[in-house]
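Structural characterization, general
What follows is each chain in one-letter form.
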Amino acid sequence: MRVQEGFSPAEMRHWVDEEKALASREIFYDPDIYRLEQQRIFMKCWLYLAHESELPNPGDFVTRTMGEDAVIVARGPDGQIRAFLNSCSHRGTLVCRADQGHTQAFRCPYHAWVYDTTGKLVAMAHSPEYYGNQIDMAAMGLKQVPRIESTHGLIFGNWDAGAAPLKQYLGGLDWYMQLYFNRTPGGMEVLGAPHRWMMQANWKVGAVNFGSDGPHAVVVHGPITDLTLGKGSRQLLTQMLLECPSISTGPTGAHNGIIIETPPGIPPYAGYSPDLVPLYEQHLDAAHQTVMARMFSGVQTTFPNFSWVMAPVSFAPDQPPAMFLAARVWNPRGPERTEIWDWFFVEKEASPEWKQLAMRAGVRTFTAGGTFDADDAEAWAGISRAIRTEGGRD
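Everything numeric here is computed off the predicted structure, so don't read it as measured data.

About the thresholds
Residues numbered from 1 in each chain as written. Predicted model: local features only at pLDDT ≥ 70, side-chain atom pairs only at ≥ 80, totals over all residues. Heavy atoms only, no water. Buried < 20%, exposed > 50% of the residue type's maximum accessible area, 1.4 Å probe, protein only. Helix = DSSP H or I, 4+ residues; strand = E, 2+ residues; numbered from the N terminus. Pairing = 2+ DSSP bridges. Core = buried A, V, L, I, M, F, W, Y, C linked by side-chain atoms within 4.5 Å. Contact = heavy atoms within 4.5 Å. Phe/Tyr/Trp six-rings, centres within 6.5 Å; stacked < 30°, edge-to-face > 60°. Lys NZ or Arg CZ within 6 Å of the ring centre and 35° of its normal. Axes fitted to C-alpha atoms, helices over the stretch in contact; angles between N-to-C directions. Salt bridge = Lys/Arg side-chain N within 4 Å of Asp/Glu carboxyl O. Disulfide = S-S within 2.5 Å. Polar contact = N/O pair within 3.5 Å; in protein donor to acceptor, adjacent residues only side chain to side chain.

**Overview of the pairing of strand β16 (residues 255-261)**
The buried fraction of β16 is high, at five of seven residues. With six bridges joining them, β16 and strand β17 (residues 295-302) adopt antiparallel strand pairing. Pairing of Glu-261 across the sheet is with Met-295, part of β17.

**Looking at the nonpolar core**
Grouped together as the largest cluster of nonpolar side chains are 91 residues, with contacts concentrated most on Tyr-180, Phe-181, Phe-306, Trp-308, Phe-324 and Phe-345. No other element matches the eight residues that strand β19 (residues 322-332) contributes to this core. If we skip the residues at most four places from it in the chain, Phe-181 touches His-152, Leu-154, Met-188, Phe-306, Trp-308, Leu-325, Ala-327 and Phe-345. Formed by 15 residues, the second largest nonpolar core is a distinct cluster that contains Ala-74, Cys-108, Leu-121 and Met-124.

**Digging into the packing of aromatic side chains**
As enumerated under the stated definition, the model contains 21 aromatic pairs in all. Ring centres of Phe-42 and Trp-203 lie 5.0 Å apart, and the angle between their planes is 75 degrees; this geometry places the pair in the edge-to-face category. In this pair, Phe-42 sits in the loop between α3 (31-40) and β3 (47-51) while Trp-203 sits in helix α6 (residues 203-212), placing the two residues 161 residues apart along the sequence. For the pair Tyr-48 and Phe-306, a centre-to-centre distance of 4.2 Å together with 10 degrees between the ring planes defines the contact as stacked. Taken together, the positions of Tyr-48 in strand β3 and Phe-306 in strand β18 (residues 306-313) put the pair 258 residues apart, joining distant regions of the chain. Here the two residues Tyr-48 and Phe-306 agree in accessibility, since each one is buried. Through pairs of rings, three or more aromatic residues link up here, namely Tyr-48, Phe-156, Tyr-180, Phe-181, Phe-306, Trp-308, Trp-341, Trp-343 and Phe-345. For the cation-ring pair, Lys-143 lies above Trp-159, with the distance from its terminal atom to the ring centre recorded as 5.3 Å.

**Notes on the environment of Phe-306**
On the accessibility criterion, Phe-306 (2% relative accessible area) is buried. Non-local contacts of Phe-306, meaning those with residues more than four positions away in its chain, are made with Tyr-48, Leu-154, Phe-156, Phe-181, Gln-300, Thr-301, Ala-327, Arg-328 and Val-329.

**Thoughts on the sheet that holds strand β7 (residues 100-102)**
Across the sheet, four strands lie side by side as β6-β5-β4-β7; this open sheet has antiparallel pairing. Unpaired on one side and paired on the other, β6 (81-85) and β7 mark the two borders of the sheet. Between one strand axis and the next, the sheet turns through 25 degrees on average, direction left out of account. Pairing between strand β4 (residues 60-66) and β7: three bridges, direction antiparallel. In the strand pairing of β7, Asp-60 is matched with His-102.

**Points about α6**
In terms of residue burial, α6 counts as a mostly covered element, since eight of its 10 residues are buried. By the burial criterion, the buried members of α6 are Trp-203, Lys-204, Val-205, Gly-206, Ala-207, Asn-209, Phe-210 and Gly-211.

**Quick word on the pattern of salt bridges**
Evaluation of the coordinates by the stated rule reveals 15 salt bridges. With its nearest N and O atoms 3.3 Å apart, the salt bridge here joins Asp-99 to Arg-196. Of this pair, Asp-99 sits in the loop between β6 and β7 while Arg-196 sits in strand β14 (residues 195-199), and the two are 97 residues apart along the sequence. Taking the relative accessible area as the measure of exposure, Asp-99 reaches 47% and is therefore partly exposed. Among the charged side chains, a network of salt bridges with common partners joins Asp-99, Arg-196, Arg-333 and Glu-339.

**Quick word on the state of the cysteines**
Simply put, the disulfide is a covalent bond whose two ends are the sulfur atoms of two cysteines. Applying the stated rule across the entire model yields zero disulfides. Free cysteine Cys-108: the closest other cysteine sulfur is in Cys-88, separated by 3.8 Å. Residue class for Cys-108 comes out buried when judged on its relative accessible area of 2%.

**Focus: unusual backbone geometry**
The step from Phe-303 to Pro-304 runs through a cis peptide bond, and the omega angle for that step is 5 degrees. Along the chain, Pro-304 falls in the loop between β17 and β18. Despite not being glycine, Ala-21 shows a phi value in the positive range, around 55 degrees. Inspection of the secondary structure puts Ala-21 in the loop between β1 (16-17) and β2 (22-23). The class of Ala-21 is exposed, set by a relative accessible area of 67%. Notably, Tyr-269 is not glycine yet its phi reads approximately 60 degrees, a positive angle. Structurally, Tyr-269 is set in the loop between β16 and α10 (277-283). Since its relative accessible area comes to 9%, Tyr-269 is described here as buried.

**A word on the side chain of Thr-249**
With respect to the secondary-structure elements, Thr-249 resides in strand β15 (residues 246-249). The exposure class assigned to Thr-249 is buried, which follows from its relative accessible area of 11%. In terms of polar contacts, Thr-249 uses its side chain to reach the backbone amide nitrogen of Leu-173, at 3.4 Å. The residues contacting Thr-249, other than those within four sequence positions of it, are Leu-170, Gly-172, Leu-173, Ala-254 and His-255.

Structure (structure tokens):
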């Protein structure tokens with residue numbers, strides 16, 4: 001395979017022309033480039049795993065993926081959060097088949113090897129003599145993700161033990177993340193299990209869309225924008241997009257997004273729950289308050305595959321828009337196939353009524369059956385259909 005043989009510098013320079021802002025179509029379908037990404041990106045970068053509200057107690061766990069690798073994320077009896085490859089050290093099968101839960105141990109369904117929530121092998125169905133006394137239980141625990149760090153309640157993992165710290169990797173993006181995930185004293189919580197669905201496109205298509213493609217919003221989402229924000233919203237949104245600040249942060253400028261500010265004449269904190277505004281003012285410093293008070297919407301991608309979107313929407317003309325926050329991971333499942341995992345977040349202090357309203361706004365817009373995602377899905381699938389042919393390839 002070309003991954004083992006290596007690519008020449010000239011070949012790699014052909015993939016992306018930074019000066020002209022051009023990318024080869026190869027990067028969205030070539031299987032060798034895709035495999036190289038698994039090795040050089042997903043084994044080296046900080047990847048989003050879970051939110052701390054999903055693991056409040058010792059013994060709580062969720063199963064997630066890091067690139068193509070299935071992992072278990074668990075809070076141990078010492079309160080520490082760890083992550084492990086979801087693969088038995090004996091014969092390699094999946095140890096845990098549940099999406100989430102609470103347990104004292106994980107029991108492999110194949111030969112009943114048992115691992116505690118710190119990843120240690122603690123029991124086997126057969127005695128050590130059955131294996132010729134060749135099993136060193138202390139060395140046969142689940143393979144641990146060596147680096148786990150969190151910021152603003154968001155838990156990230158990295159297979160690279162020598163990677164720079166998470167906050168150094170995020171750079172200035174960490175400041176902006178507080179506007180979304182840490183704006184009240186209690187922080188945010190996840191509303192239910194993640195929504196999951198498959199997309200017929202390369203994992204980078206969605207990540208790039210969320211990170212740097214503001215202009216598509218008033219084209220592909222035009223009719224639904226008028227419906228959810230009011231008639232004539234497209235023209236206003238177009239002007240707001242032209243004037244909105246873009247965000248490019250991190251050591252290499254790899255994390256990208258935009259913040260859309262409310263136009264003059266709109267009251268501060270438009271779309272947010274009025275009951276939460278005093279908490280924002282209590283928890284955020286003056287600089288964060290200045291930005292958030294005018295933040296009408298925001299969309300961001302943290303390299304490589306963690307994105308979020310926040311916006312106010314309403315599906316009833318007699319109801320004011322409600323702000324929702326959705327975060328997602330673009331899980332690679334092949335050169336032209338992506339599994340999307342999508343969560344909704346809300347302030348812990350929010351009223352039950354507001355939580356329901358925010359959840360409903362998000363589900364009706366940014367899920368597999370959501371209005372905005374349905375628009376995007378057709379466009380993204382069209383990319384794969386168009387570039388996989390001989391005429392469509394480079």
